[in-house]
Amino acid sequence: MTNPVFFDAIDEALHTNGESDRLHWMTTPPQVGDRLPLGSRAGRMWEVIELCTYAGDVGELTIAHVHPVGVAVPDRAEWYATRLKIRKPLASMTLHIKPDGSLHQTGCNFTGALPIVRRLLTAFDVASHKTGSQPWGIESFDTYSPVNPEATYMAVYLTHVVPVDLSEVPGAIGLEPEKTPEMAVAQ
Amino acid sequence: MSNPWTPSGEDREWHAAATDDKCLDMEAQFRAQGLDISLVDTEATGDDILGKACIFDGPDSNPEASRWPNNQGDNDDD
């Protein structure tokens, strides 16, 4: 059985565009000290600094806090995860997963709200500040709760998203350009 | 036959940032300005530079708000 492992950068500002390979399905979770690449940036390895386990009805989910090898690890008090837990105690993370098991996108909620099933994901154009609907919707979700109460998130939600034809959803307005071939097909 | 899907239907205030951490900074900045507004969600945008959407709600949130007016163009103050 494989379980999801999400590799979360301690300092997100160090995470580069090519390093988007952040969700792995693993039979055994990584160990602290393990090193791995997170994408196509040649030569850069990330080290697992801390592990947080979340348990759900369908298995366990691990969030591995990682940092680039060779870069000094900041004190735990300076991590975004630490700051977030103090500022937003109701924080949850959402991992939107495509039918093939790959990561579509991530999100966080800070109010304790659950993902909304049968609702389309929101698209946001950073240049125009316009929002619309993505041709992807949440079919269902799994809930993972922290094993350790000191974990950053009060829950991690793994949503199962599927392509949706926007032309068949009244009121749904998409944004251009589409970003993936799957979205173009669904459009 | 009704379609079971509902559109995203957004009426909250969205801004772009480089990281989630910057969204927290933005919230602190708004509150320092006296705005009754809270960071309620973040989402990935897919943008190479501004990779996060910071989503705010509260009595002072406004989807049309321009919190950072561009001062480099025409000055319309009179």
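Our subject in this report is the structure included herewith. It should be emphasised that the depicted structure is a prediction, and the values quoted were computed from it without experimental measurement.

Turning to the pairing of strand β3 (residues 52-57) of chain B, a few remarks are in order. Residues and elements named next belong to chain B. Summarising burial for β3: five of the six residues are buried, a large majority. Bridge analysis of strand β1 (residues 13-17) against β3 gives five bridges, and the strand direction is antiparallel. By the bridge assignment, Trp14 is partnered in β3 with Ile55. The pairing of strand β2 (residues 38-44) with β3 spans six bridges and is antiparallel. Of the residues in β3, the one forming a bridge with Thr42 is Cys54.

Assignment of secondary structure puts Thr111(A) in the loop between β7 (103-109) and β8 (120-125). Judged by relative accessible area, Thr111(A) falls into the partly exposed class, the value being 41%. Placed 14 residues apart in sequence, Thr111(A) and Ile97(A) show a C-alpha to C-alpha distance of 22 Å. Apart from residues no more than four positions distant in its own chain, Thr111(A) is found in contact with Leu90(A) and Val40(B).

Basis of the calculations
Residues numbered from 1 in each chain as written. Chains lettered and ligands numbered in written order. Predicted model: local features only at pLDDT ≥ 70, side-chain atom pairs only at ≥ 80, totals over all residues. Heavy atoms only, no water. Buried < 20%, exposed > 50% of the residue type's maximum accessible area, 1.4 Å probe, protein only. Helix = DSSP H or I, 4+ residues; strand = E, 2+ residues; numbered from the N terminus. Pairing = 2+ DSSP bridges. Contact = heavy atoms within 4.5 Å.

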